[in-house]
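Results of the structural survey
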Amino acid sequence: MLKFLYSDTNVTPELQQQVSKLLTESQHQLLGSNAALFLTKLLQNNIGESWSVFIYRQLHDLQYVIRSPTNIVMDIEMTPLRIILSQNPNPQGDQQIIERFDEVTQNIFDYIAKSEHLPNDLINDMYKQLEDQVGEGCNIIMALTENPNAILHLTEGHSSQPQVMQVDENTVIHTIIYYTLPFQSQYQGGDVINDEYEEPMDLLFTVMLEEQHFKQSNDQIKVSFDQLEIQPLKLRSFSLLFQVIVSPQPKDIKDDLNIISTGSSLMSKNMTFGINREQLFFFNFQCITGKQEQLYSQMKVKRNQLYQVALVYTNQEYYKEVSMYINGKVENQISISQNIEPPRGFFWIGSEQALKLFKGTVRDVVFVAQSLHHKHVKNIYAELTGALQHNFQRHTTDIVKDALQTLKDEIPNDDDISVSKFTQNQSMIKTTKQPKIKTSRRQQIPLHLQKQYLQFEEAIDQHKAKLIDIDHPKSRKEIIQILQQQFNDNEYLMHKCHEVSINFYWFFTSLTQLAPALEENGQPKLPFEYLHQELLREKFEQYPVYAIEVERLAKVIHHAGIQLSIEEIYNLAQITETLRHQKKYGNYVLYDKFLLLIREASLSQQEIELVQSQYNTDEKEADQDLLVVTEGISRNKQINTDNFTFSFFKQLKTLIGSEQEAFKFNIQHLVAYSEQNKPYIQRLTAIYVHKESGQKVEIEGIEFYNLDSEKIQLQKIDISDEIALKYFRVHYNGENMAMIAFKTHQEEETFQIDRNFQYVEGQDATGFLETYALQNIRLAGFSGQLIRDQQGLTQLIAFHAEYLKKDPRVEEQKKQQPEQLPVLPENWNQGKFQIIVNRCSECDKHNTTTWHDEADFAQKFNELGQIFKDLFPNVEIIGNWDKTQQLEHFDVYVRGIGVPNRFDKEGRIFLLTKNEKLKSFLDSFLKRILRVYDEIVLMAQTYGDTIEMQKKQELFLKTQNYPPKSKQAHEFPCPVPDRIEKHVKEENISSADYICKNWGCGQQFKYEGGATGIKKCRHHPGRYEFGSKHGLWPECWTCCGKTWETEGCKIDFHRGVPEKDNYSYCVNIGPVDPKTGYPETACGQRFNENDSGDCKVGSGGHQTARWPDPKAKILFFQKVIVNPALKDHQQNIKHHLRPDMFRETIPYHEFINKDRQKQLKLIETEKELRQCVNWACNKQYKEIDNRKKRMCICHPGVFDFGYTAKTIIEAVEEYKQEKGSKILWKPHWTCCRKPWNEQGCSLQQHNGPLVTEYVQKKYLWPDPNAQVYFKKKVSENWTKMLNNHHSLQPDQASMKFDSLCKALGSGGSIPQYKLPELCDKFKLNLWVCSEDLSFQFKFQDVMTGHAQDYLADSHQNIDKHKFLDWWFADVNRLKEIQK
């Protein structure tokens, strides 16, 4: 928000608008450390004059007074800044004035210290003294604030140290006296030139535009960040977009192939995108801590198919995320807790190794200095696809610009900083004291940390919502109303939350497994290192506490396939007031309240009850608090005869002896007895079954007639199925009640009870029809009343259904109580499934190349196994199923379960891979295996429980092929080998002489009992690489890429052995075979220099070599060459030799592409004069100055000739009026839409050849004739249409002119003023849109009236010969005509 609080009368609206635009466009740079300096230069470059800038940044009210000899004053509030601008009247900066200024300033501050008045009361006297003794150019700023650590930025000049005067306990006055120096003097020092905010960095960078084909390693392209003017330190978020086509068959890819990388050298890359051997795209990147992370695509790469790739790093207020998009869709995403190392150095496009060569095509590589939203990526892909389908070339840079502009209102910029707003409403002169606000004693937090506002322990801004301790919590009803309003505004968010709420049981039970409830005075229920260990130290108002880290909550939601972003989760957690912060583990959510509130806001009451029914199924509760309800039909007619009542449930209750026990019986079957071939029932019976014991009880409800046992038949209806719909009907016609009809999902069974009742199917209008559904109620039985007349006939006068339902009073009481949250079944974790751990083993066999102990890996295997055995009692932990392929590794995986698209070719999903140093891995082991537990729980929840997961894994293991167990495989637990003990006692070696064994050092040093001294050892920590045999890469140290003789690249502690125990290896070699170039024999024997002995290979004794002696290269070995003379002693001697030292190798020559060659040529001639050829510049410059500063004011775009009316007549009319609807756009520069002769619109770097090589053009800007150097591009179809239908030969044009003389003129002539109409007949309005620029100049001549003057004869008619000459003239001829 930008607001002008005060403007002097000299400030015009135009100036105010111009300043407002500059501030808005540069908002991000104004938050930097040198904001005032940046703004000063920005104002001078765009407005001119000399400016003084004061920028005040704090979090509370500010009162201030300024005295300045200014003629323009502006007071601007732009959250979170307060900016005061003034113009200075030609300041002078000589040394005498500066010395006088220092003297007067010191006197003023001494006077203030002795005075009893406040400084703001003395400001007028102070300024008058300065003006009299120093002159113009002095400024005084006083700020009264309650924050003594508030930050003030001001223009670089000559200023006093800020004087702070304490007014009372909470209020201070800052006083600064400032003298403005001439602006140019501010840039004398190098510190200012290299300032981070000297100039804003561009947003879009075209790395490589044209299509490039890669067939060999020499095709690799290197593009410098410096050349593109990308400043890595300014990158907060970024995106990289490009298009790629893979040429070889995917099955032919045997190794990882790099497509695009960034880094300072080939040996030091921090980001790499390519294809791996599984035919998947991969993206490797490095965090600032050195940790490597990877992303893989879900789809496999296909040959000769175009892929639009977008790699996006988002560094937002609440989270950091890396995304890989393929063809507009998210292929993979990862949330990270640390910033990634920004790309720097060079873009390396293509592969540099012949053995790992990428073959294919890459084009349109664009780097964006901000993260793109998924809507941006989708929009960009749609535009590119549309352009390709219509054979229309469109570059990614243009599409990105359009997408950012189109979606800017819909998608917020990730660089927006949301911080506290100021409440400074005083004018610049107003100093009325405001009520004091109690402020925090906390030190001012730097601006770049305010982005992470969740780390604040106290609320700094009173009006900003608190995240931890909320002073005024909203009621449950208010929160739900806010959520529903959010859902109304965002239907897409509503659908996602609705899906979460419908699956409430799954989400809640998953989260309770990942983060069980924390009880008061209880212990964490999981043995890992996670959030609950820290929450134990905190006190909560209510227990139990359901808390989980935000990242783990998002992981559960995303696992369920619901695309609820991290940002949306934070927003919902803030609204529901469930977001909390813990200092060690960061942000977490109280997920029980979070899920319940979202469920209540997104579901209807009926849906909530349906969700609750999924887990409120306690069988014991189902039989409690029940009432027997009857419903049915009774006759009104009373007959004075015997009557009988019956009730199935009363008979059951009498038989069982207890109503509560009777509630546990359900009707299983209804049995109807009747005589054969008779349509009415004689007896109705119900069979009950006990829910727990299965006991069956038959209740004979009533006998309607006497049964003839010989003719009896029965029909048994099963009504125990809870899924199928069942209902019965009772009919009453006013006299008799007769029908009971049961309908199941298969058929309808109808029984007649009363013989006197006449019923025809479908004719129910004569009486009443009652239907009772049995699906949603619990049927208890039937009851009714019979009458029997004197003749013994029976009639049914009442028939009711008896069913059970909950007591409404008890249910209402339960609703007032807290909801019973769902829990998983007790046998949820009883499945028997496999977890496989591949670890480093047999470490004693490779202890010469690695420094670790196998006991560490064995202990961690047993620790992991014991933890998972406690959590999943039947789990099977298997160690080293696969043969060890990598040293010092620890991998955990499962086979055959999980999401199939995550399977590798052996059906494995890796849950943990050690990719860090051993010490860090051991220290954070309990953190690492928490990931394994999370994955196992989510997999089990996918199948329902671990038992179903076990069945899935067993099916996979039976039906699929996978490698058998290796010989190293073992069960849990495994034996832990003894640790390697150090036998040398430290007290015996202290102060001993040691020889450093680090390469590049070799010095003697004194052992001082550990790494507690000073790092003095300069060495190479890497090994020496002999390079490519074919000259593809250089011979160098792997650590720094330097040559053999280069001094060490790292300074660390010495590492070596005592001098008396220092052994070396003999480097003597035998004769060299002239055919192979390799030595026939070599010694390589280990010896002590004090007792060297005789060497059997070389003459004399053993010899060794140390760096930098080139002979020492032989000690870098790849395989052993055995000395035949030492075969008998081979078991006691080690032989070391690197045969690559003797091979023939093609020298490496660094490949320099055309762009690099051009850059090198610029450096060679940087002090020679060059001629700038940028449009609207035409100045001379030197490249050495051009690189430091942008000095070229030019038009970076091209000249657009515009498009005009349908007819020339309309165009002429609108040209005169300078308005109209027919002119779509006028001729303009594409960069600024300004006319041809306007000055340059952009500050760029000069570009042009050497003055000695420059060939001056015939026309120069601003001469309109220079427009001939621009070209028009039109489609082939348009050109073909013009040539086929509107092209005229000179004789045809002559005949057409003659025919038009009759239509447009009289007497065989056409008047001069009818030239526009004549041009319409010749279709000039169409030809002006052709590639022939001559028609553009003819059109302009008609608009301006020059053509009418030239073509008119003495009678003011159009001369035919002049017209035809003019019409067929090319550009050069036209220029002659115009002269």
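Residues numbered from 1 in each chain as written. Predicted model: local features only at pLDDT ≥ 70, side-chain atom pairs only at ≥ 80, totals over all residues. Heavy atoms only, no water.

Counting its secondary structure elements, the protein chain contains 37 helices and 58 strands. Put simply, the protein chain has 1379 residues, and 47% of those count as buried. For the protein chain, restricting intrachain contacts to residue pairs at least 6 apart in sequence, the fraction spanning at least 24 positions comes to 69%. Carbon and sulfur atoms provide 47% of the accessible area of the protein chain, an area that totals close to 73200 Å². (Helix = DSSP H or I, 4+ residues; strand = E, 2+ residues; numbered from the N terminus. Buried < 20%, exposed > 50% of the residue type's maximum accessible area, 1.4 Å probe, protein only. Contact = heavy atoms within 4.5 Å. Areas by Shrake-Rupley, 256 points an atom, 1.4 Å probe, with all protein chains shown as cover.)

Below, the discussion takes up the sheet that holds strand β15 (residues 257–265). What the 6 strands build is an open sheet, ordered β13-β22-β15-β16-β17-β18; its pairing is antiparallel. Sheet topology places β13 (221–224) and β18 (292–300) at the edges, where each strand pairs with a single neighbour. Within the sheet, the average angular offset between the axes of one strand and its neighbour, ignoring direction, is 15°. Of the pairings in the sheet, the one linking strand β17 (residues 280–286) to β18 comprises 6 bridges and is antiparallel in character. The residue of β18 that forms the bridge with Q286 is Q292. (Pairing = 2+ DSSP bridges. Axes fitted to C-alpha atoms, helices over the stretch in contact; angles between N-to-C directions.)

With that out of the way, let us pick up the nonpolar core. By size, the foremost hydrophobic cluster in this structure holds 85 residues, and its most contacted members are F868, F872 and Y933. With 10 residues, the top contributor of residues to this core is helix α24 (residues 925–943). If sequence neighbours within four positions are ignored, F872 has contacts with W828, N829, F833, Y933, I936, V937 and T946. (Core = buried A, V, L, I, M, F, W, Y, C linked by side-chain atoms within 4.5 Å.)

When the sulfur atoms of two cysteines share a covalent bond, that bond is a disulfide. According to the stated counting rule, one finds 0 disulfides in the structure shown. Free cysteine: C840, not disulfide-bonded; nearest cysteine sulfur from C843 at 3.6 Å. Judged by relative accessible area, which is 0%, C840 ranks as buried. As a non-bridged cysteine, C1049 has C1039 as the owner of its nearest cysteine sulfur, 3.5 Å distant. Accessibility expressed as a relative area gives 39% for C1049, which makes it partly exposed. (Disulfide = S-S within 2.5 Å.)

Next up on the list: helix α37 (residues 1371–1378). Within the span of α37, buried status applies to V1371, L1374, K1375 and I1377. The buried residues of α37 all sit within an arc of 160° when viewed along its axis, so they share a single face. Opposite the buried face of α37, at more than 90 degrees from it, the exposed residues are N1372 and E1376. Buried-residue contacts for α37 involve α34 (1333–1344), α35 (1346–1351) and α36 (1360–1367). (Arc of directions from axis to C-beta.)

The peptide bond linking Y543 to P544 adopts the cis configuration, its omega dihedral lying at 0°. Within the secondary structure, P544 sits in the loop between α13 (532–535) and β24 (547–549). The omega torsion of the bond from W1107 to P1108 falls at 10°, within 30 degrees of zero and hence cis. As for its placement among the helices and strands, P1108 is situated in the loop between β52 (1086–1088) and α27 (1154–1164).

What follows concerns the packing of aromatic side chains. In this structure the tally under the stated criterion is 59 aromatic pairs. With 6.4 Å between their ring centres and 50° between their planes, F205 and F367 make a pair best called tilted. Here F205, found in strand β11 (residues 204–208), pairs with F367, found in strand β23 (residues 360–368); they are 162 residues apart in sequence, far enough to count as distant. With 5.5 Å between their ring centres and 85° between their planes, Y1024 and F1026 make a pair best called edge-to-face. The exposure class assigned to F1026 is buried, which follows from its relative accessible area of 5%. A network of ring pairs unites the aromatic residues F1297, F1322, W1327, F1335, F1363, W1366 and W1367 as a single cluster. Over the ring of Y893 we find R908, and its NZ or CZ is 5.2 Å from the ring centre. (Phe/Tyr/Trp six-rings, centres within 6.5 Å; stacked < 30°, edge-to-face > 60°. Lys NZ or Arg CZ within 6 Å of the ring centre and 35° of its normal.)

Residue position: E321 is located in strand β20 (residues 320–326). An unpaired buried charge is present at E321: no salt bridge exists, and K496, the closest side chain of opposite charge, is 11 Å distant. Here E321 is in contact with V312, Y313, T314, Q333, I334, S335 and I566, once residues within four sequence places are set aside. (Lys, Arg positive; Asp, Glu negative; His and termini not counted. Salt bridge = Lys/Arg side-chain N within 4 Å of Asp/Glu carboxyl O.)

Running from N to C, α34 and α37 cross one another at 25°; their axes reach a closest spacing of 9 Å. On the basis of the axis angle, α34 is roughly parallel to α37. Along the contact surface, α34 presents L1333, S1334, F1337, K1338 and D1341, while α37 presents V1371, L1374, K1375 and Q1378. (Parallel < 35°, antiparallel > 145°, perpendicular 65-115°, else oblique.)

Working definition: the strands of a sheet are paired by backbone hydrogen bonds and lie parallel or antiparallel to each other. Here we have 5 strands laid out as an open sheet, ordered β42-β41-β39-β40-β43, and mixed in their pairing. Edge positions in the open sheet fall to β42 (908–913) and β43 (970–971), since each of these has one partner strand only. Across 5 bridges, the pairing between strand β41 (residues 890–895) and β42 is antiparallel. For Y893, the partnering residue across the bridge sits in β42 and is F910. Where helix α22 (residues 854–871) meets the sheet, its contacts fall on β39 (834–839), β40 (876–879), β41 and β43, and the angle it forms with β39 comes to roughly 170°.

We now examine the pairing of strand β29 (residues 665–675). Burial of β29 is extensive: 10 of the 11 residues sit out of reach of the surface. By the bridge criterion, 8 bridges tie β29 to strand β30 (residues 683–690) in an arrangement that is antiparallel. In the sheet register, A672 faces β30, and the bridge partner there is L684. Strand direction decides the pairing type here: β29 and strand β32 (residues 712–718), joined by 7 bridges, are antiparallel. Its bridge partner being in β32, S674 is matched across the sheet by Q713.

In contact at an axis separation of 7 Å, α24 and helix α25 (residues 946–959) are set at 85° when each is read in the N-to-C sense. Comparing the axis directions of α24 and α25 gives the class roughly perpendicular. Judged by residue contacts, I936, M939, A940 and Y943 of α24 engage T946, E948, M949 and K952 from α25. Looking at the contact of α24 with α25 residue by residue, the class counts come to 5 nonpolar, 1 polar and 2 charged. (Nonpolar A, V, L, I, M, F, W, Y, C, P; charged D, E, K, R; others polar.)

Moving on: the pattern of salt bridges. What the rule picks out here adds up to 33 salt bridges. The partner of K584 in a salt bridge is E534, with the nearest N and O atoms 3.9 Å apart. Within this pair, whereas K584 is found in the loop between β25 (579–582) and β26 (586–590), its partner E534 is found in helix α13, the two being separated by 50 residues in sequence. Judged by relative accessible area, K584 falls into the partly exposed class, the value being 48%. Given the relative accessible area of 17%, E534 is considered buried. A salt bridge links D853 to R979; its shortest N-O distance comes to 3.9 Å. Placement of D853 in the loop between β39 and α22 and of R979 in the loop between β43 and α26 (986–989) is noted, with a sequence separation of 126 residues between them. What makes D853 buried here is its relative accessible area of 12%. A single network of salt bridges, built from pairs that share partners, joins D882, R895, D904, E906 and R908.

The next thing to look at is the confidence of the model for the protein chain. Should the pLDDT be low somewhere, the predicted coordinates at that spot are not to be read in detail. Looking at the protein chain, the pLDDT average stands at 77 and 74% of residues meet or exceed 70. Across residues 183–198, where pLDDT falls below 50, the model places 28 contacts with residues more than four positions away in sequence or in other chains. Note that pLDDT drops below 50 for residues 414–471; the model gives that stretch 127 contacts with residues more than four away or on any other chain. (pLDDT = per-residue confidence, 0-100.)

This part takes up helix α2 (residues 35–46). Across its 12 residues, α2 extends 17 Å between first and last C-alpha, which sits within 8% of the 16 Å expected from 1.5 Å per residue. Of all 12 residues in α2, 9 are buried, a share of seventy percent or more. Every buried residue belonging to α2 is among A35, A36, L37, F38, L39, T40, K41, L42 and L43, and all of these are buried. (Expected span 1.5 Å × (residues − 1).)

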